[in-house]
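# Coordinates in review
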Amino acid sequence: MEDKNINLKKIIRTLGDKKVRDYIYISIFFILFSIFIFFAIKPALTTAFSLKKEEEELKEKNLTYQRAIADASNNLYILEDVRDQLYLIDESISNSPQINKVVDDIGNSNINNSLFLKNIFVSEKIDYIDLKKTDFKEIRVNLESQGNFVDVLNMIKDINSQRRLKLIDNIEFLNQTEISTNSGSLNIKSEIIGFYL
């Protein structure tokens with residue numbers, strides 16, 4: 001027991017020494033400083049890094065928004081340029097079927113291109129295009145005519161150049177004779193679709 005008391009007294013005396021006290025103070029300071037860093041500075045550093053990351057994300061979003069705004073303003077300039085021609089849209093797709101106008105346009109294209117008009121009629125079937133995507137409805141006009149290939153091509157160009165939007169859905173060429181010539185007459189059957197709202 002006495003050895004323990006002697007060792008304890010020696011330890012207490014050495015603790016009272018100036019150098020040992022300085023080391024103890026320095027050790028306590030570093031322990032407290034480490035605790036301070038862990039509880040005070042670490043959250044601040046974590047916040048700083050997260051703010052830096054958020055700043056980069058916001059810069060990317062800002063660039064995306066700037067592009068969208070530039071595209072929108074560009075679209076506005078385009079609309080300003082074509083504003084006076086918006087009536088062409090109304091003429092290309094009318095609000096009502098206007099079957100007479102569609103049939104007249106197709107018949108006139110046929111006659112203007114020197115084709116012999118055999119038959120033209122509106123199909124009983126009126127289809128609706130996918131209403132979820134668009135509001136267009138269609139009229140199907142069947143055309144039977146006769147003429148040469150070049151005249152048929154001119155008729156197709158004429159139909160495509162008209163203001164009213166039309167689509168040639170199906171076209172069949174039937175040769176009248178087994179021997180073909182450049183000016184040979186063809187029987188043509190076609191289905192042309194006119195659109196309306």
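Residues numbered from 1 in each chain as written. Predicted model: local features only at pLDDT ≥ 70, side-chain atom pairs only at ≥ 80, totals over all residues. Heavy atoms only, no water.

Below, the discussion takes up unusual backbone geometry. Within the chain, S114 stands out as a residue other than glycine whose phi angle is a positive 60°. Inspection of the secondary structure puts S114 in the loop between α4 (99-112) and β1 (116-122). (Helix = DSSP H or I, 4+ residues; strand = E, 2+ residues; numbered from the N terminus.)

Pairing is antiparallel in the open sheet, where 4 strands are placed in the order β1-β2-β4-β3. For this open sheet the edge positions go to β1 and β3 (166-175), each flanked by a neighbour on one side alone. Direction aside, neighbouring strands of the sheet carry axes that sit 15° apart on average. Note: β3 against strand β4 (residues 186-196), 9 bridges, orientation antiparallel. Residue pairing across strands places K166 opposite G194, the latter belonging to β4. Of the strands in this sheet, β1, β2 (137-147), β3 and β4 touch α4, which is tilted by about 25° from β2. (Pairing = 2+ DSSP bridges. Axes fitted to C-alpha atoms, helices over the stretch in contact; angles between N-to-C directions. Contact = heavy atoms within 4.5 Å.)

Turning to a nonpolar patch on the surface, a few remarks are in order. A contiguous nonpolar patch, built from I24, Y25, I28, I31, L32, I35, F38 and F39 and spanning about 850 Å² of accessible area, is present on the exposed surface. Within the fold, L32 resides in helix α2 (residues 18-82). When its relative accessible area of 54% is taken as the criterion, L32 is described as exposed. (Patch = residues over 30% accessible without salt bridge, like charges linked within 9 Å, V, L, I, M, F, W, Y side chains within 5 Å. Areas by Shrake-Rupley, 256 points an atom, 1.4 Å probe, with all protein chains shown as cover. Salt bridge = Lys/Arg side-chain N within 4 Å of Asp/Glu carboxyl O. Buried < 20%, exposed > 50% of the residue type's maximum accessible area, 1.4 Å probe, protein only.)

A word on the side chain of S145. One can find S145 in strand β2. Only 3.3 Å separates the side chain of S145 from the side chain of N110, close enough to count as a polar contact. The contact partners of S145, leaving out residues within four places of it in the chain, are N110, L115, F116, L117, K118, L186, N187 and I188. (Polar contact = N/O pair within 3.5 Å; in protein donor to acceptor, adjacent residues only side chain to side chain.)

Before going further, it helps to examine a negative patch on the surface. Negative charge collects at one region of the surface, where E54, E56, E57 and E60 lie side by side. Assignment of secondary structure puts E54 in helix α2. Taking the relative accessible area as the measure of exposure, E54 reaches 41% and is therefore partly exposed. (Lys, Arg positive; Asp, Glu negative; His and termini not counted. Charge placed at Lys NZ, Arg CZ, Asp CG, Glu CD.)

Inspection of the secondary structure puts I89 in helix α3 (residues 87-92). Residue classification places I89 among the exposed residues on the basis of a relative accessible area of 53%. Here the alpha-carbon distance between I89 and L165, two residues 76 residues apart in the chain, equals 9.3 Å.

Summed over all chains, the structure comprises 7 salt bridges. Among the salt bridges present, the one from K101 reaches D105, with a minimum N-O distance of 3.4 Å. Of this pair, K101 and D105 both sit in helix α4, 4 residues apart, which is roughly one turn of the helix. For K101, a relative accessible area of 43% translates into the label partly exposed.

So, on to the confidence of the model for the chain. For the chain, mean pLDDT is 79; residues scoring 70 or higher make up 82% of the total. When the elements of the chain are averaged for pLDDT, helix α1 (residues 2-15) gives the smallest value, 66, and α2 the largest, 87. (pLDDT = per-residue confidence, 0-100.)

Okay, the packing of aromatic side chains next. Tallied over the entire structure, the rule returns 3 aromatic pairs. Following the ring pairs from residue to residue traces out a cluster consisting of F29, F30 and F33. (Phe/Tyr/Trp six-rings, centres within 6.5 Å; stacked < 30°, edge-to-face > 60°.)

This brings us to α4. In this model α4 runs 20 Å from its N-terminal to its C-terminal C-alpha over 14 residues, within 8% of the 20 Å that 1.5 Å per residue would give. In this structure, the buried side of α4 is in contact with β1, β2, α5 (149-161), β3 and β4. (Expected span 1.5 Å × (residues − 1).)

As a further point, take the packing of α4 against α5. The packing of two helices is summarised by the inter-axis angle and the distance between the axes. Viewed as axis vectors pointing N to C, α4 and α5 meet at an angle of 145°, and their least axial separation amounts to 9 Å. Note on packing geometry: the crossing formed by α4 with α5 is right-handed. In this structure, α4 uses I106, S109, N110 and N112 to contact α5, whose residues at the interface are M155, D158 and I159. When its residues are assigned to classes, the contact of α4 with α5 shows 3 nonpolar, 3 polar and 1 charged. (Left-handed = near helix turned anticlockwise from the far one by under 90°. Nonpolar A, V, L, I, M, F, W, Y, C, P; charged D, E, K, R; others polar.)

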